[in-house]
Amino acid sequence: MTFTLPWSELPLNALNDAQKAQCETFYQILLAQNKTLNLTRITDPLEFLEKHIWDSLAGLWHLPPSLVIPTAAQVIDIGTGGGFPGVPMAITYPDYAITLLDSTQKKVLFLQSLIEQLSLSSVEAIASRAEEMGQNPQHRETYDLAVLRAVSSPASCLEYALPLLKIGGIALLYRGQWSEEEAALLEQIAPQLGGQAIATIPYETPLTHSIRHAVYLQKIHPTPPQFPRRVGVPQQRPLS
Ligand code: SAM
């Protein structure tokens, strides 16, 4: 198989050749659409491997031992944009049923076409707001794992994610820098939504050594019915 992405510079052994080929198709489709739709500023092939493929998977690789993602997990990627971290996860872990959620209709149309072209049979893309999904009985308390990368403040991310999780479900926030103040705020907000902070794992990306933090929470009680609040409120009046 001939590859165009520089896999020798970042081997990513978790992926077999067929999965690498799917990543290449994803890269090509993303770049083609990026001309008309603002999907990513990362277009260099090696940077795509590190900052999009490796980074999307790293949150799963740093999972604390006390947390277990079930097989055939129901996963939601909230604010997925061009498909991160949800699409690399779907390629690597095909037994997960993954919902890609974004409020921008055009991005979701792109994702629906991508899903078809990559034959990702257990993935769907939905155009909606996290605040609406969290109050929709078809989605509320139905997911084992909610992932969010570069979406909003930690407080808003928790209000988006926790209502969608089953009891025992995991929220995974992909953050760059992470401050003591953010950690303290998270510990304070999580119980209001039925969650508990479990661990924050710092790590570096393998090539450019950029700082990352994977923040893990678990849902331990039902989320009170008033959460999530109306569209826009979690951002305008964040919980404290
Ligand atoms: N997660 C992707 C990544 O890491 O490349 C995209 C990040 S992009 C900066 C943030 C995305 O979140 C946008 O596509 C935006 O439309 C979406 N978004 C923001 N707030 C949202 C909400 N409340 N519900 C659904 N999508 C939301």
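Here the structure is a predicted model, which is why all the values come from computation and not from measurement.

Peer 1: I tried to follow the site of the ligand on my own but got confused; where do I start?
Peer 2: Near the ligand you find 15 residues, and of these G79, F84, D102, K107 and R149 are the closest. At 2.8 Å, a side-chain N or O of K107 approaches an oxygen atom of the ligand. Between the ligand and Y160 there is a distance of 3.5 Å, counted from a nitrogen atom to a side-chain nitrogen or oxygen. When the ligand is considered free in solution it has 600 Å² of accessible area, and contact with the protein chains removes 80% of it. The residue makeup of the shell around the ligand, split by class, is 4 nonpolar, 6 polar and 5 charged.

Peer 1: Help me understand the pairing of strand β2 (residues 97-102) in this model?
Peer 2: Strand residues, when the strand is regular, have side chains that alternate between the two faces of the sheet. For β2, the buried fraction is high: 5 of the 6 residues fall into the buried class. Two elements, strand β1 (residues 74-78) and β2, share 5 bridges in a ladder whose sense is parallel. Within β2, the position partnered with D77 by the bridge is L100. At this point the chain moves from β1, through helix α3 (residues 86-92), to the parallel β2, and the crossover so formed is right-handed. Where β2 and strand β3 (residues 123-127) come together, 5 bridges link them in parallel fashion. Bridged to I98 within β3 is V123. On the question of chirality, the crossover connecting β2 to the parallel β3 by way of helix α4 (residues 105-117) is right-handed.

Peer 1: Is there a simple way to explain the packing of aromatic side chains in this structure?
Peer 2: In this description, an aromatic ring pair is defined by two values, namely the gap between the centres and the angle between the planes. Counted according to the given criterion, the structure contains 7 aromatic pairs. Each ring, one from Y27 and one from F48, has its centre 4.7 Å from the other, and the planes form 45°; the classification is tilted. Remark: F48 occurs in helix α2 (residues 45-61) and Y27 occurs in helix α1 (residues 17-34); sequence separation between them is 21 residues. Neither residue differs from the other here; Y27 and F48 are each classed as buried. With a centroid separation of 6.4 Å and an interplanar angle of 75°, the aromatic rings of F48 and F84 are classed as edge-to-face. One end of the pair, F48, is in helix α2; the other, F84, is in the loop between β1 and α3, and 36 residues separate them in sequence. Classification of F48 by relative accessible area gives buried; the value is 0%. An aromatic cluster of three or more residues is present, and its members are F26, Y27, F48 and F84.

Calculation rules
Residues numbered from 1 in each chain as written. Predicted model: local features only at pLDDT ≥ 70, side-chain atom pairs only at ≥ 80, totals over all residues. Heavy atoms only, no water. Near = heavy atom within 4 Å. Polar contact = N/O pair within 3.5 Å; in protein donor to acceptor, adjacent residues only side chain to side chain. Areas by Shrake-Rupley, 256 points an atom, 1.4 Å probe, with all protein chains shown as cover. Nonpolar A, V, L, I, M, F, W, Y, C, P; charged D, E, K, R; others polar. Buried < 20%, exposed > 50% of the residue type's maximum accessible area, 1.4 Å probe, protein only. Helix = DSSP H or I, 4+ residues; strand = E, 2+ residues; numbered from the N terminus. Pairing = 2+ DSSP bridges. Right-handed = clockwise from strand over helix to strand, strands pointing away. Phe/Tyr/Trp six-rings, centres within 6.5 Å; stacked < 30°, edge-to-face > 60°.

By themselves, these figures tell us nothing about what the structure is for.
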